[in-house]
Amino acid sequence: KSRMKLRLLGDIHGCPRMLNEITQNQNRYDLTIQLGDFGIGFPRENKQVLPEEFLERISAEKVKFFCGNHDDYEKAKEFPHCLGRFGTLEFGNQFIFFDSGADSTSYDRKQRTPNLDWWSYEVLSLEEQYECGELYEQVKDKVTLFLSHDCTYSIAHMIGLITR
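Note that the coordinates shown come from a computational prediction; the quantities given were computed from them, not determined experimentally. (Residues numbered from 1 in each chain as written. Predicted model: local features only at pLDDT ≥ 70, side-chain atom pairs only at ≥ 80, totals over all residues. Heavy atoms only, no water.)

K.L.:
Explain the sheet that holds strand 1 (residues 6-9) residue by residue, including any values.
P.N.:
Reading across the sheet, the three strands line up as 1-2-3 and stay open at both edges, with parallel pairing between neighbours. Both outer strands of the open sheet, strand 1 and strand 3 (63-66), are each paired with one neighbouring strand and no more. Across this sheet, the average inter-strand angle for adjacent strands is 20°, counted without regard to direction. Pairing of strand 2 (residues 31-35) with strand 3, which is carried by four bridges, proceeds in the parallel orientation. The residue of strand 3 that forms the bridge with Ile33 is Lys64. (Pairing = 2+ DSSP bridges. Helix = DSSP H or I, 4+ residues; strand = E, 2+ residues; numbered from the N terminus. Axes fitted to C-alpha atoms, helices over the stretch in contact; angles between N-to-C directions.)

Now the structure itself:
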């Protein structure tokens with residue numbers, strides 16, 4: 001019996017070597033999920049290939065992602081590869097729950113420019129956190145894998161990562 005292969009990657013930050021590795025080895029895995037900080041929306045600078053250009057050449061059935069604090073969600077959601085801000089995904093016998101985003105540290109934020117390489121919506125809004133929590137409550141008994149770039153406090157408390 002053949003087992004389905006899931007690959008999880010994080011914090012690529014638009015690294016051409018990593019984007020190339022994903023492309024070359026995409027058929028070794030049934031699905032690759034990038035767990036935030038893909039680098040979507042950042043300026044080209046010295047990058048040979050932007051993550052956006054990479055996504056245009058690779059199957060949305062083979063590669064999925066959700067955003068971290070080094071991604072522009074408004075640009076990311078234009079791609080069918082984007083899983084959204086939070087939700088569920090079934091893969092083989094796994095029922096996956098995910099949430100995206102992270103809060104840039106004050107130091108990191110000082111080094112970045114609003115709406116160029118830092119976005120005020122990098123963290124789930126309070127309304128999104130509430131909706132995410134409601135969804136989790138509905139499906140928690142089915143969840144076999146929880147994925148996050150940097151789980152928000154309210155969700156971490158709800159799933160038992162924080163007990164006080």
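K.L.:
Account for the sheet that holds strand 4 (residues 86-91), with residues named and values stated.
P.N.:
Strands sit in the order 4-5-6 across an open sheet of three strands; the sheet is mixed. Of all strands in the sheet, those bounded by a partner on one side alone are strand 4 and strand 6 (145-148). Going from strand to strand, the sheet's axes swing by 25° on average, the running direction of each strand aside. In this sheet, strand 5 (residues 94-99) lies alongside strand 4 in antiparallel orientation, the contact comprising six bridges. Residue pairing for strand 5: Phe91 is matched across the bridge by Gln94. Running at roughly 35° to strand 4, helix 5 (residues 126-139) makes contact with strand 4, strand 5 and strand 6 of the sheet. (Contact = heavy atoms within 4.5 Å.)

K.L.:
Got a sec to walk through the packing of aromatic side chains? Specific residues and values, please.
P.N.:
The final tally for this structure, using the stated rule, is seven aromatic pairs. Seen from their ring centres, Phe42 and Trp119 are 5.5 Å apart, and the 75° between their planes marks the pair as edge-to-face. In this pair, Phe42 is assigned in the loop between strand 2 and helix 2 (51-56) and Trp119 in the loop between helix 4 (106-110) and helix 5, connecting sequence segments 77 residues apart. Given the relative accessible area of 2%, Trp119 is considered buried. Ring geometry for Phe66 against Phe98: centres 5.4 Å apart, planes inclined by 15°, an arrangement best described as stacked. Residue Phe66 is found in strand 3, and its partner Phe98 is found in strand 5; the two are separated by 32 residues along the sequence. Side by side, Phe66 and Phe98 carry an identical accessibility label, which is buried. Through pairs of rings, three or more aromatic residues link up here, namely Phe38, Phe54 and Phe65. Arg85 extends its terminal NZ or CZ atom over the ring of Tyr73, reaching a point 5.0 Å from the ring centre. (Phe/Tyr/Trp six-rings, centres within 6.5 Å; stacked < 30°, edge-to-face > 60°. Buried < 20%, exposed > 50% of the residue type's maximum accessible area, 1.4 Å probe, protein only. Lys NZ or Arg CZ within 6 Å of the ring centre and 35° of its normal.)

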